[in-house]
Amino acid sequence: MSAQDDVDDVGEFAALLRALKERTDRSYGALARRLAMNTSTLHRYCAGEAVPVDFAPVERFAALCGATPEERLELHRRWLLAVAARRRPRTASAAEETTPAGEEAGDPDPSPLPRHPWYRRRRVAIGLAAACAVLATLGSLSALPDGRRSAADRARTAGPAASGTTEAKAPDRSSTSPTPSGTPASERPSASATPKRKKRSSPAPSARTTTTPPRSGKKPALPLTWSVNSQAWKLGCGHDYVIAKPPRQVPPPPAPQDAGTWAATQGAVHGGETLVELSVQGRTDTAVVLNALRVRVVGRTAPAPGNAYAMDQGCGGAVTPRSFDVDLDKDRPIAHAVAGSDTGVPIPAVRMPYRVSAEDPEVLLVTARTVTCDCRWYLELDWSSQGRKGTVRIDDAGRPFRTSGIKGLPRYMYDTSARQWGPYS
């Protein structure tokens, strides 16, 4: 996929945001205040300069602008494509497209003339013509027999003379061609002066038609790619963290997009539940079937000590489509597809298999809950495509996900008026 396709995906997403915004009589500042968002951030989303890492603020924006269910579905589709475009690394071909032919990227032009496309084409044409003229001259000289060339021509084509000799003799470049008749014997190259070439053994006729065997030990590339957000909050606002610090040492709750950094600096553990947002997409237009999603618990200990800190006072609402529920307290936890709703519209549970491709990504929301343990776990996703099948491990950047129960822990919420944490009511 080219860089232009990435720009188009981001631009289409931003265009739909602007169209929804124009329906209202509110300014960017008024909408941003209602969304608890910075005005400049909202403006960058609508201008295509940035893409939200989470769909929750986009969903609240759509609801505030009165979007229909069909428009919300289209907005979610375009957001997925825009996120994938922003996360996709630039390829070498995209870098080559920005470099003019015949020039190297980063190589300054020593000429004071303007870098006009006509001037570059003219300069390349002149250089090619000069090179062709030199090659033609050398080719015509080397084609003549030694007896038909002057001493100066022979010296020019034969290269620099060896030390201790008075005349450089051109090596015989065609050992199979006969010596031209009429050439004086004194000018013919001697056998000692002519370098001998080693004859290459010709391959057997069967070897010439044998194809190169595939390189051993190299596995074919996976037909799908995925990304994980392990810091998702319910509807973008509701979540609990367990932190082994008193309230006076814990900073205010972060914005949802900054949750990962905030949790890492505080040594926070997901409290009660972990929401994993998994985006899966095929690499090509060929369909890839997602057959099963399994849960692997790799560690269970007593719940982590500390206090539970709620990120808000509760959001309400329900989950989004393609949702799964996991009970980590069971001996063999299973990811069950669950039903949900979208602003009051029921959404039935959709069980696997699913189908994805480059044009049809899929988002899976896995909610893992626990009451009795500090659990470490990861997911396994089974796939199949064109006779191939495999399993990929979904984890938190190489580490298991971690969820700890909060039953019996002191729980706090942040009082925005007093600007401090207080007991949860």
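Residues numbered from 1 in each chain as written. Predicted model: local features only at pLDDT ≥ 70, side-chain atom pairs only at ≥ 80, totals over all residues. Heavy atoms only, no water.

The name given to the protein chain in an unreviewed UniProt entry is Helix-turn-helix domain-containing protein, with Streptomyces purpurascens as the source organism.

Undergrad: Could you clarify how one ought to interpret the state of the cysteines in this entry?
TA: Working definition of a disulfide: a covalent bond connecting the sulfur atoms of two cysteines. For the structure on display, the rule yields one disulfide. Put simply, cysteine 373 and cysteine 375 are joined by a disulfide, and their sulfur atoms are 1.7 Å apart. With the S-S bond torsion at -70°, the cross-link from cysteine 373 to cysteine 375 turns out left-handed. Residue classification places cysteine 373 among the buried positions, given a relative accessible area of 4%. Judged by its relative accessible area of 0%, cysteine 375 is buried. Here cysteine 46 is not disulfide-linked; the sulfur of cysteine 65 is the nearest cysteine sulfur, at 8.0 Å. With relative accessibility at 1%, the residue cysteine 46 sits in the buried group. Cysteine 65 sits in the buried class, given a relative accessible area of 6%. (Disulfide = S-S within 2.5 Å. Buried < 20%, exposed > 50% of the residue type's maximum accessible area, 1.4 Å probe, protein only.)

Undergrad: What's the story with the pattern of salt bridges in this structure? I'm lost.
TA: Side-chain pairs of opposite charge can arise whenever the charged atoms involved come near each other. Summed over the entire model, instances satisfying the criterion amount to 12 salt bridges. The shortest N-O distance in the salt bridge between arginine 23 and glutamate 71 comes to 2.2 Å. Taken together, the residues arginine 23 in the loop between α1 (3–22) and α2 (28–34) and glutamate 71 in helix α5 (residues 69–87) connect sequence positions 48 residues apart. The salt bridge partner of arginine 77 is glutamate 74, with a shortest N-O separation of 2.7 Å. Of this pair, arginine 77 and glutamate 74 both sit in helix α5, separated by three residues, roughly a single helical turn. When its relative accessible area of 36% is taken as the criterion, arginine 77 is described as partly exposed. (Salt bridge = Lys/Arg side-chain N within 4 Å of Asp/Glu carboxyl O. Helix = DSSP H or I, 4+ residues; strand = E, 2+ residues; numbered from the N terminus.)

Undergrad: What exactly am I supposed to notice about the confidence of the model for the protein chain here?
TA: As a note on interpretation, predicted positions should not be read in detail where pLDDT is low. A residue-level look at the protein chain finds 63% of positions with pLDDT of 70 or above and a mean pLDDT of 74. Confidence scores differ between elements of the protein chain, with helix α9 (residues 205–208) showing the lowest mean pLDDT of 40 and strand β15 (residues 401–404) the highest of 96. Per-residue pLDDT stays below 50 along residues 92–126; that stretch engages in 16 contacts with residues further than four places along the chain or on separate chains. Every residue in residues 159–194 scores below 50 in pLDDT, and together they form 25 contacts with partners more than four places removed in sequence or on other chains. (pLDDT = per-residue confidence, 0-100. Contact = heavy atoms within 4.5 Å.)

Undergrad: How should I be thinking about the side chain of histidine 270 in this particular structure?
TA: Checked against the element boundaries, histidine 270 lands in strand β3 (residues 269–271). Residue histidine 270 is classed as buried on the basis of its relative accessible area of 7%. A distance of 3.1 Å separates a polar side-chain atom of histidine 270 from the backbone oxygen of serine 230. A distance of 2.8 Å separates polar atoms of two side chains, one belonging to histidine 270 and the other to histidine 239. Excluding its chain neighbours within four sequence positions, the residues that come into contact with histidine 270 are Ser230, Gln231, His239, Asp240, Tyr241, Arg402, Thr403 and Ser404. (Polar contact = N/O pair within 3.5 Å; in protein donor to acceptor, adjacent residues only side chain to side chain.)

Undergrad: When you look at the pairing of strand β5 (residues 288–301) in this model, what are you seeing that I'm missing?
TA: It is a general feature of regular strands that their side chains alternate between the two faces of the sheet. Looking at chain direction, β5 and strand β11 (residues 354–356) are connected through three bridges and run antiparallel. Looking at the pairing, valine 288 lines up with valine 356 of β11. In terms of strand pairing, β5 meets strand β13 (residues 374–385) through 11 bridges, oriented antiparallel. Bridged to valine 297 within β13 is tryptophan 377. (Pairing = 2+ DSSP bridges.)

Undergrad: Looking at this structure, I do not really get the side chain of aspartate 240. What am I missing?
TA: Here aspartate 240 is to be found in strand β2 (residues 240–243). Side chain to side chain, aspartate 240 and arginine 411 meet in a polar contact 2.8 Å long. Look past the residues within four positions of aspartate 240 in its chain and what remains in contact with it is Val269, His270, Gly271, Tyr309, Ala310, Ile406 and Arg411.

Undergrad: Would you take a moment to explain the environment of glutamine 420 for this structure?
TA: Within the fold, glutamine 420 resides in strand β17 (residues 420–423). Between the C-alpha atoms of glutamine 420 and proline 252, which are 168 residues apart in sequence, the distance is 7.5 Å. Once residues lying within four places of it in the same chain are set aside, the contact partners of glutamine 420 are Met413, Tyr414 and Asp415.

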